[in-house]
Amino acid sequence: MRPTLPAALILALVAWTATVLGAPPAVAADLPTRVHEGRAYVELSDVARALGARLEAKPEDVRARLTTARHTVTFTRNWTRVIVDGRPVILDAPVRVHRGVWLVPESFVARVLPGSTAGAPAALPKAATRATLDELRLRSYPSFTRVVLETSAAVTHRVEPLGAREVRVRVSGLAAEPRTEDVKDGFIDEVRVERAGSDAVLRVVFDGAPAEPRVSSLTDPHRLVLDFQRPSTPAERPGPLRVIVLDAGHGGHDSGAVGPTGLAEKDLVLDVTRRVARLAERELGVKVLLTREGDTFVPLRERTSFANRERADLFISIHANAHRHNASEGVETYFLSSEATDSEARQVAALENSVVQLEKPAEGGRGRADMVRAILWDLAQSEFQHESSRLAEIVQDSMTRALRIPNRGVKQAGFYVLGGAAMPAILIEIGFVSNPREERRLRDGRYREEIARAILAGLAEYKRYWDQRVRAAAERPR
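Since we're looking at a predicted model, the values are computed, not measured.

Student: Sorry if this is basic, but what is going on with the sheet that holds strand S12 (residues 156-159) here?
Tutor: Note on sheets: strands pair through backbone hydrogen bonds, and any given pair is parallel or antiparallel. With antiparallel pairing, the 5 strands of this open sheet are ordered in space as S12-S13-S17-S16-S15. Whereas interior strands pair on both sides, the edge strands pair on one side only; in this sheet they are S12 and strand S15 (179-182). Neighbour-to-neighbour, the strand axes of this sheet turn through a mean angle of 15°, independent of strand direction. Both S12 and strand S13 (residues 166-172) contribute to a ladder of 4 bridges, which runs antiparallel. The partner of Thr156 across the bridge, within S13, is Ser172.

Here it is, written out as structure tokens:
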């Protein structure tokens, strides 16, 4: 029999259900926990049943959503941050998906559910601080249109029922001057910001039927990001996964990060990349190509260009991290996006992107000025952003489980090296060479082999998903 929650937390759950959500009290005494990675977790489906809430959570999804009559909570697999009514709440352990089951740490019950039985939950958002609209950004992609509200402080939002040709999003506590921006991309006609008492309303007017947005809240700076997916068009049937391009970061006169005792990132990642290539060809039965096989410098733009020429199915760039605080540790995985997860993700991208300054004029065109084109790079990648996110989640989960090191999560940022890839593409930071303890481990050939096998396990799991999708497509009638 699995252990049950402490009595105080059970009472808190029942109290919140009755007083805050307006749902009938749940019989929470049977709500069990399970130990996963040394921590107490609760099955998200059990929480939903106890609250009488609607749960959208598939094993293969990156995100899950729990909806009650008054609140919405969004979970992202392998992240410690959950979004409650548009406001972030940080848990003490990441959300996990284990054997097809979504798990939330016990702290979700203690923090997002009430901290006491006296009233409103301690971690649910209070009235939003009065914020101003700093910038409204719009960008059209082949598969979706993105609307970004950058605000001076965190805001909460509510998507109202769809209209005949528009979507209305009420943004609480936002002071904004009325404005209208034309989009006219064949999908969305215009975007309007209007006042509504002490709030603002974002009105997205479509050319035809409206699409419900996928909304995410980002911090540092505060942003509300709304992605409107275009109506799907008949897609080509996917083919088998045959070619993977592995990219060892840096090389030649670009040493990358250098550890306290002189371990160079360029040498470390080349060794790990070669190990992954050997394992993948032997165990996955795929063709693996390397952007560099020795200590040579390859311009950033040439790396994905090589993958495109070879018609690769996946592009994986392998790097090692560095931080001014030498205690920083762990692994993290990135995919390309115009909106960085946070300032730290932006700084990591800026550090990796600084390689362009080492490119010769003949290699880098106009040098840094040529990087203005970077604003278009995520346009090509946008078609593969969802798959890149899925690949990143799978590889990150595999590495943290196998290596038993801190999970710094899956993040998004504007990496030049991923720009222009016509396939799912991710960047893995395998550890911090700036951390003396991690540097010692990263020097060890046995540990490098463990890293390679952890990456391989992630690629193997993603290939199984890919193969299932190919089989399902083959069974559908033409």
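Student: I keep staring at the packing of helix H10 (residues 436-443) against helix H11 (residues 445-475) and nothing clicks. Help me out?
Tutor: Two quantities define a packed helix pair, namely the angle between the axes and the distance from one axis to the other. At a minimum axis separation of 5 Å, H10 and H11 run at an interaxial angle of 85°. For the element pair H10 / H11, the angle class is roughly perpendicular. Across the interface between the two elements, Arg441, Leu442 and Arg443 from H10 touch Gly445, Tyr447, Arg448 and Ile451 from H11. Of the residues belonging to the contact of H10 with H11, the class tally is 3 nonpolar, 1 polar and 3 charged.

Student: Explain the pattern of salt bridges to me, please; I cannot follow it from the model alone.
Tutor: A pair can form between side chains of opposite charge whenever their charged atoms are brought close. Evaluation of the coordinates by the stated rule reveals 36 salt bridges. The residue Arg203 makes a salt bridge to Glu166 at a minimum N-O spacing of 2.8 Å. Taken as a pair, Arg203 in strand S17 (residues 199-206) and Glu166 in strand S13 lie far apart in primary sequence, 37 residues in all. Residue Glu332 pairs with Arg408 through a salt bridge whose shortest N-O separation is 3.0 Å. Taken as a pair, Glu332 in strand S23 (residues 331-336) and Arg408 in strand S24 (residues 407-413) lie far apart in primary sequence, 76 residues in all. One connected set of salt bridges, linked through shared partners, spans Asp271, Arg275, Arg278, Arg282, Glu283, Arg448, Glu449 and Arg453.

Student: Sorry, what's going on with unusual backbone geometry here?
Tutor: Among all residues except glycine, the phi angle is most often negative; among peptide bonds, the trans geometry is most common. Unusually for a residue other than glycine, His250 sits at a positive phi of about 65°. Residue placement: His250 occurs in the loop between strand S20 (243-248) and helix H4 (265-283). Unlike most non-glycine residues, Arg311 shows phi in positive territory, near 55°. Inspection of the secondary structure assignment puts Arg311 in the loop between helix H5 (300-309) and strand S22 (314-321).

Student: Looking at this structure, how should I read the packing of H4 against H11?
Tutor: At a closest axis distance of 9 Å, the pairing of H4 and H11 adopts a crossing angle of 50°. Between H4 and H11, the interaxial angle falls into the category oblique. Handedness of the crossing formed by H4 with H11: right-handed. Contacts from Leu268, Asp271, Val272, Arg275, Val276, Arg278, Leu279, Ala280, Arg282 and Glu283 in H4 reach Gly445, Arg448, Glu449, Ile451, Ala452, Arg453, Ile455, Leu456 and Leu459 in H11. A per-class count over the contact of H4 with H11 returns 10 nonpolar, 1 polar and 8 charged.

Procedures and definitions
- For every chain, the first residue of the written sequence is number 1, and numbering continues from 1 onward in sequence order.
- Only residues with pLDDT of at least 70 get local features here, since the model is predicted, and only at 80 or more are side-chain atom pairs given and counted; chain-wide, interface and lining totals rely on the full set of residues.
- The basis for every side-chain value is the complete set of heavy atoms in the structure, and neither hydrogens nor water enter the calculation.
- For two strands to be treated as a pair, DSSP must find no fewer than two bridges joining them.
- Helix and strand definitions follow DSSP, with helices as H or I runs of at least four residues and strands as E runs of at least two, each counted in order from the N terminus.
- To obtain each axis, a line is fitted to C-alpha atoms, and for helices this fit is confined to the stretch in contact; angles are then taken between N-to-C directions over 0 to 180 degrees.
- Any angle between 65 and 115 degrees counts as roughly perpendicular, while under 35 counts as roughly parallel, over 145 as roughly antiparallel, and the rest as oblique.
- In this analysis, two residues are considered to be in contact whenever any of their non-hydrogen atoms come within 4.5 Å of each other.
- By the convention adopted, Pro, Cys, Tyr, Trp, Phe, Met, Ile, Leu, Val and Ala count as nonpolar, Lys, Arg, Asp and Glu as charged, and the other residues, Gly among them, as polar.
- Counted as salt bridges are all cases of a side-chain nitrogen of Lys or Arg within 4 Å of a carboxyl oxygen of Asp or Glu.
- Should the near helix be turned counterclockwise from the far one by less than a right angle, the crossing is left-handed, whereas a clockwise turn marks it as right-handed.

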